[in-house]
Amino acid sequence: MGEVTAGSDSVLELLPMVFAAPNEALAGAREVLDGDPTPFRASVAHHAIGMWQRDFGDLRLALHHLRRARDLAARADSADREADVLGTLGVALVHAGRTRQGLEAFERGIARGTGQTRARVLYRRAYVWWVLGRHGEALEDVRRAIAVLRQADDVIWIARAITLRATVHLALGAVDRADADFTAAERLWETTGQEHDKADAVESRGLAAFRSGDIPVALQLLDEAEEMYAKLATPSFMLTVRRCEVLMSAGLAGEALAYADTAVGLLDGIGGQSTRKAELLLVAARAARLAEDPQTAIARAAVAVRLFAAQRRTWWETHAQLVLIEARLAAGRASGRLVAEAASVADKLAAFGSPSAPEASLLAGRIALALGWTADAERHLAVAARSRRGGPPLARMTGWAAQALRAQAAGSARGVLEACRRGLDVLDDHRTTLGASELRARATAQGAELAALAQRASLTSGGPRRLLVWSERWRATALSTPPTRPPADPTLLSSLTAFREIAARAEEARMEGHPVPALEREQRRLEREIRSRTLHMRGDAPGEGDRFDPSRLLARLGEGRLVELAVVDGRVHALLCGEGRVRRFEAGLLAEAMAEAEHVQAGLRRLAHPGAEARLPVVEAAGRRLEELLLGEAAGHLGSGPVVVVPPGRLHRVPWALLPSLRDRVLSVSPSAGSWLRALDTEPPPGDRHVLVRGPGLATGGAEVPDLADRYVRPTVLEHDDAEVPRVLAELDGATLAHIAAHGAFRADSPLFSSLRMADGPLIVHDFERLARSPYRIILSSCDTARLASVGADELLGLVTALLPLGTAGVIASSAPVNDAAVVPLMLALHKGLRAGLSLAEALRDARAALPGDAVHQATGWAFSAFGAG
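Not measured: the values here are computed from a predicted model.

*Asks:* I tried to follow the overall build of the chain on my own but got confused; where do I start?
*Replies:* Assigned secondary structure in the chain consists of 39 helices and 16 strands. In the chain, which comprises 870 residues, the proportion classed as buried is 59%. Relative to all contacts within the chain whose residues are 6 or more apart in sequence, the contacts with residues 24 or more apart total 71%. Only carbon and sulfur atoms are counted for the fraction: they give 51% of the accessible area of the chain, which is about 32800 Å².

Put into structure tokens, the structure is as follows:
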């Protein structure tokens, strides 16, 4: 290497150190330059600084240092030194969007270099081919590089080359080959001190797990990689891209969009890589589209397309065009030109061997169908449908969606239903690998189109019973089995304890009018940590599970009725089950019902305070309108027995007891008919333990609790300092009845952090999921404890839905703010009925009737509902 001395040998150690101890390498390089280095040594120092700036800092500074390193290598008359720098410079130029100049630098580097150095330049060019989406060239260059590197026993660079080859295999959908290469590379990394490369290997394994459909393992590995990068104080924007991909596949599109936008801001702030910015914008566009924000998706995708085109990254540009077309369609811009663009993108993606090719063909077919171009639609959909036979779950679902649309276009309802069934079976198998209830719920969004197609086909040709079966097929599926119990994870338990402490202190500071930003930041950090660990949990092995049987439901209803509200093309259909049959009644528009429900919520909120009596007739009139919109003529066929209402997720806040035909009935609410049947079959636990809990800060002090304590035989009463979360959880586990008087807080942004305030802080949904068995019956006597978030296809997340799969047969909770004083007589009357042997729904009906007739008490009674079948 020209000028090779002991000194120059030692300075060369700076280069591998950039990915072993990045900041030490930077300091060492600056120290070399502060002396009086020879051109060779100065070239190495500038090279190291350029590498550091390229990957962790300012790309403009990187180019400056790398050009200086190249010129100094030429002055040192070291061909291999110059070739080595040209390889690094080529990568930096491509990342800066100067693709032609970058490829020219590689040509010069390959021509100047020999042996091992030339192999390293080939490896770097292979990496650039991967960045550009030219996978064949990447595999050829990496093959040539590995052969030489093995002869030289260059462990670090062999490991890098194998890692790159695995990444290219992933881009081509060859998951097994990729996984084998990642495993081999990680074994090599363990023999080195290359800490950054080790983190990159863990990150890559996370990507491989994601590609194979194992989302919990993917999230766990990405978190592990993030911790490793944090220790090195080196940002990794590629990790952000990959995390966003995993979050989107789990249905967490809003989080992915926030992650990506934040990373773009950070990248702009440090003058980082143009290539990474384009990739982040692409992932942000995908996330925005999935989050039903087409305008944001169009804006992000359009910039990404321009950047990729300027960078000559055709593979990436084509993927960005796919997202842009999807976003334009979502914004209502279907046109013949869009069909042609989608078809062109599909052809390009197929030529690249991209796993996204079926999505583009499906998109072209869907747009053509919307325009009435049936022949064009069939051609594109037939291509997309091929993917249903193999590959990862989402690709197979894409294929079955295409097959369902083909059948719909051909007028075959049977074909539509068969394709939807097969596609949703794929989704079920995928979903049951997810341990966290949140991931299960959000994953169902990916089957929304299949479910909607099946419901539409059932409505037109299958009769009410078939529509009921398909309504159940995708409703509240996340609640069909209990979430995986969190392991005895000391870190998780420690985080939960710390979260309660910080949250309690933050809430106290807010109540005093002096919020402490540092406490609130720490609370959010702990929330992220808890959520991250729970998302790692795996579910049970895939299985068929229980299939809903309408005959069994009709037999168990007896004299009662169950009304399941199905929504097809924005219209509510009331499916009335009872008397051995299922009948369908067309009702109103979902959008109008949702708007009316919000008006009712506002009215109940005002009636919770004395002096708003004039609003009572207005709220009652809104209840009549809701009945027309939600039940239609079914309201006149409810019989005289108990009624179970199964609303869609978007109507979970309706106070059902306000509807005139339901006001004086034994009424319960359930997320699905199947969930109600499971609750009906739930056996009470042995013994007869009653637990009464009073949290702090209630206006009445939970005044019903002391009275109730006198009415039960030896109940467990937890109040004041005894009402701390660990003690409360211990007593709740396996109780027959739990009455909890505590402030409820609903979190729309993160529903599983909805909470009940205890003496030492919030009792959250994640806490309930740690119980061996939640109480058979639970009464939550405070505001907003029944509020839920609608996620996924038609799933609900919140306190109530967390309890039902955990062994709780029935819950009493409110979906609106209530008057604390008016709650006390309602609760005392409710418990009177329970002690007389009534069910929760029966006791709540009688308790409402026993209340005074003033507006405050009436509104309080309407705000509470009985959930489940306890």
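*Asks:* When you look at the pattern of salt bridges in this model, what are you seeing that I'm missing?
*Replies:* Opposite charge on two side chains permits pairing when their charged atoms draw close. Within the structure shown, the criterion is met by 41 salt bridges. In this structure, the salt-bridge partner of Asp141 is Arg144, at a minimum N-O distance of 3.5 Å. Within this pair, Asp141 and its partner Arg144 are both found in helix α9 (residues 135-151), separated by three residues, close to a single helical turn. Residue class for Asp141 comes out buried when judged on its relative accessible area of 3%. The closest approach of N and O atoms between Asp425 and Arg421, which form a salt bridge, is 3.1 Å. Here Arg421 and Asp425 lie together in helix α23 (residues 413-431), a separation of four residues that amounts to about one turn. Where salt bridges share partners, they join Glu107, Arg125, Asp141 and Arg144 into one cluster.

*Asks:* Any chance you could explain unusual backbone geometry here in plain terms?
*Replies:* For residues besides glycine, phi is generally negative; the peptide bonds are generally trans as well. With phi around 50 degrees, Asp569 is a residue other than glycine that occupies positive phi space. Mapped onto the fold, Asp569 is located in the loop between β1 (561-568) and β2 (571-578). Residue class for Asp569 comes out exposed when judged on its relative accessible area of 58%. Phi angles above zero are rare outside glycine, and Arg714 is one such case at about 45 degrees.

*Asks:* I tried to follow the side chain of Ser672 on my own but got confused; where do I start?
*Replies:* Mapped onto the elements of the fold, Ser672 is located in the loop between β5 (667-669) and α32 (673-681). Among the polar contacts listed, one links the side chain of Ser672 to the backbone nitrogen of Ser675, at a separation of 2.8 Å.

*Asks:* How should I be thinking about the packing of helix α5 (residues 59-75) against helix α6 (residues 79-95) in this particular structure?
*Replies:* In a pair of packed helices, the angle between the axes and the distance between the axes together describe the arrangement. Interhelical geometry of α5 versus α6 gives an angle of 160 degrees and a closest axis separation of 9 Å. When the axis of α5 is compared with that of α6, the two are roughly antiparallel. For the element pair α5 and α6, the recorded crossing hand is left-handed. Counting all contacts with α5, which are made through Leu59, Leu63, Leu66, Arg67, Ala69, Arg70, Ala73 and Ala74, the residues of α6 involved are Arg81, Glu82, Val85, Leu86, Thr88, Leu89, Ala92, Leu93 and His95. Here the residues of the contact of α5 with α6 are counted per class, giving eleven nonpolar, two polar and four charged.

*Asks:* Whenever I open this one, the packing of aromatic side chains confuses me. Can you help?
*Replies:* The description of an aromatic ring pair uses the distance of the two centres, along with the angle that the planes make with each other. In total, this model carries four aromatic pairs according to the counting rule given. Between Phe308 and Trp316 the ring centres are 5.7 Å apart and the planes differ by 25 degrees, which places this aromatic pair in the stacked class. Pairwise contacts between aromatic rings join Phe308, Trp315 and Trp316 into one cluster. Above the ring of Trp157, the side-chain terminus of Arg160 is found at 4.7 Å from the ring centroid. When the ring centre of Trp400 is taken as reference, the NZ or CZ atom of Arg388 above it lies at 5.3 Å.

*Asks:* What is the right way to read the confidence of the model for the chain from this model?
*Replies:* Any segment with low pLDDT has predicted coordinates that should not be analysed in fine detail. Predicted confidence across the chain gives a mean pLDDT of 83, with 83% of residues reaching 70 or more. Counting contacts from residues 1-8, a segment whose pLDDT is below 50, to residues more than four positions away or on other chains yields 14 contacts. Low pLDDT, under 50, characterises residues 435-442; the predicted model gives this stretch 45 contacts beyond four residues in sequence or across chains.

*Asks:* Could you clarify how one ought to interpret the packing of helix α3 (residues 22-34) against helix α4 (residues 39-56) in this entry?
*Replies:* Packing of α3 against α4 brings their axes to within 9 Å, and their N-to-C directions diverge by 145 degrees. Here α3 runs over α4; the crossing is left-handed. Within the contact between the two elements, α3 uses Pro22, Asn23, Leu26, Ala29, Arg30, Val32 and Leu33 and α4 uses Arg41, Ala42, Ala45, His46, Ala48, Ile49, Trp52, Gln53 and Phe56. Of the residues in the contact of α3 with α4, the class split is eleven nonpolar, three polar and two charged.

*Asks:* Explain the pairing of strand β3 (residues 581-589) to me, please; I cannot follow it from the model alone.
*Replies:* The side chains of a regular strand alternate between the sheet's two faces. Two elements, β2 and β3, share seven bridges in a ladder whose sense is antiparallel. Each bridged residue has a counterpart across the sheet, and for His573 the counterpart in β3 is Glu586. With antiparallel pairing between neighbouring strands as the criterion, β2 and β3 make up a hairpin whose turn holds two residues, including Glu579 at a positive phi of roughly 60 degrees.

*Asks:* I tried to follow empty space enclosed by the protein on my own but got confused; where do I start?
*Replies:* Rolled over the atoms, a probe with the dimensions of a water molecule shows which regions are left empty. Within this structure, the stated rule accounts for nine cavities of 30 Å³ or more. Size it by volume and the largest cavity reaches roughly 780 Å³. In terms of lining, the largest cavity is formed by 35 residues, of which the most central are Phe19, Asp55, Tyr127, Asp200 and Arg276. Residue assignment for the lining of the largest cavity shows that the elements contributing at least two residues are α4, α6, α8 (115-132), α10 (155-171), α12 (195-211), α14 (237-249) and α15 (253-270). Residue composition of the lining of the largest cavity, by class: 16 nonpolar, ten polar and nine charged.

*Asks:* I'm lost on the pairing of strand β12 (residues 777-780) in this one. Help?
*Replies:* By the alternation rule, side chains of β12 split into Arg777 and Ile779 and Ile778 and Leu780, which are all buried. The pairing of β12 with strand β15 (residues 810-814) spans three bridges and is parallel. Bridging from a neighbouring strand, Arg777 pairs with Gly810 of β15.

*Asks:* Looking at this structure, how should I read the environment of Arg100?
*Replies:* Topologically, Arg100 is positioned in helix α7 (residues 99-112). With ten residues separating them in the primary sequence, Arg100 and Gly90 have C-alpha atoms 9.4 Å apart. Within the structure, the side chain of Arg100 is placed 3.0 Å from the side chain of Glu104, a separation counted as a polar contact.

*Asks:* Whenever I open this one, helix α39 (residues 855-863) confuses me. Can you help?
*Replies:* Along an α-helix, residues three or four apart share an orientation, since each turn contains 3.6 residues. Burial analysis of α39 places eight of its nine residues in the buried class, which makes it a mostly covered element. For α39, the full list of buried residues reads Ala855, Val856, His857, Ala859, Thr860, Gly861, Trp862 and Ala863. The secondary structure elements touched by the buried residues of α39 are α30 (590-607), α31 (616-630), β15, α37 (820-835), α38 (840-850) and β16 (864-868). Taking the backbone nitrogen of Val856 as reference, a side-chain oxygen 3.2 Å away marks Asp854 as the first, capping residue of α39.

*Asks:* Where do I start with the side chain of Ser387 in this structure?
*Replies:* Note that Ser387 resides in the loop between α21 (374-385) and α22 (393-409). Of note is the side chain of Ser387, whose polar atom sits 3.3 Å from the backbone nitrogen of Gly399.

*Asks:* Help me out: how do you make sense of the environment of Asp268 in this one?
*Replies:* Note on placement: Asp268 falls in helix α15. Assessed through its relative accessible area of 43%, Asp268 is described here as partly exposed. Spatially, the C-alpha atom of Asp268 lies 9.4 Å from that of Asp58, the residues being 210 residues apart in sequence.

*Asks:* I tried to follow the environment of Ala297 on my own but got confused; where do I start?
*Replies:* Of note, Ala297 is situated in helix α17 (residues 294-310). Ala297 sits in the buried class, given a relative accessible area of 0%. Each C-alpha atom of the pair Ala297 and Leu281 lies 9.2 Å from the other, and the pair is 16 residues apart in sequence. Look past the residues within four positions of Ala297 in its chain and what remains in contact with it is Ala285, Ala288, Arg289 and Ala327.

Quick notes on the rules
All chains use their own residue numbering, which begins from 1 and follows the written sequence. At least 70 in pLDDT is required for a residue's local features to be given in this predicted model, at least 80 for side-chain atom pairs to be given and counted, and no such filter applies to totals for whole chains, interfaces and linings, which use all residues. Hydrogens and waters are ignored; side-chain quantities use all the structure's heavy atoms. In this text, helices come from DSSP runs of H or I with a minimum length of four residues, and strands from runs of E with a minimum of two, each type numbered from the N-terminal end. For every residue, the accessible area obtained with a 1.4 Å probe (protein chains only) is divided by the maximum for its type, and the residue is called buried under 20%, exposed over 50%, and partly exposed between those limits. Contacts were defined at the residue level, with two residues in contact if any of their heavy atoms lie within 4.5 Å. Using a 1.4 Å probe, the Shrake-Rupley method yields the accessible areas, and only the shown protein chains count as cover for residues. We define a salt bridge as a contact between a side-chain nitrogen of Lys or Arg and a carboxyl oxygen of Asp or Glu at a distance within 4 Å. Nitrogen and oxygen atoms within 3.5 Å of one another constitute a polar contact, given that in protein one can donate a hydrogen and the other can accept it, and given that sequence-neighbouring residues count only through two side-chain atoms. Note on geometry: axes are lines fitted to C-alpha atoms, helical ones only across the stretch in contact, with angles between N-to-C directions running from 0 to 180 degrees. Throughout this description, any angle smaller than 35 degrees is read as roughly parallel, any larger than 145 degrees as roughly antiparallel, any in the 65 to 115 degree range as roughly perpendicular, and the remainder as oblique. By definition, turning the near helix anticlockwise from the far helix through less than a right angle yields a left-handed crossing, and turning it clockwise yields a right-handed one. Classification used: nonpolar for Ala, Val, Leu, Ile, Met, Phe, Trp, Tyr, Cys and Pro, charged for Asp, Glu, Lys and Arg, polar for all others including Gly. Stacked, tilted and edge-to-face are the three classes assigned to paired rings of Phe, Tyr and Trp, where Trp is represented by its six-membered ring and a pair needs centres within 6.5 Å; plane angles under 30 degrees give stacked, over 60 edge-to-face, the rest tilted. Should the NZ of a Lys or the CZ of an Arg lie within 6 Å of a ring centre and within 35 degrees of the ring normal, that charge is described as sitting over the ring. The pLDDT value tells you how sure the predictor is about a given residue, anywhere from 0 up to 100. DSSP bridges decide pairing: two strands pair if at least two such bridges lie between them. The way it works is a 1 Å grid over only the protein atoms, where trapped points that fit a 1.4 Å probe form a cavity and open points with protein on both sides within 12 Å along at least five of seven lines form a pocket, and then any residue with an atom within 4 Å of a point lines it. Grid points are joined across faces, edges and corners, and a volume is the space filled by probe spheres set on the points.

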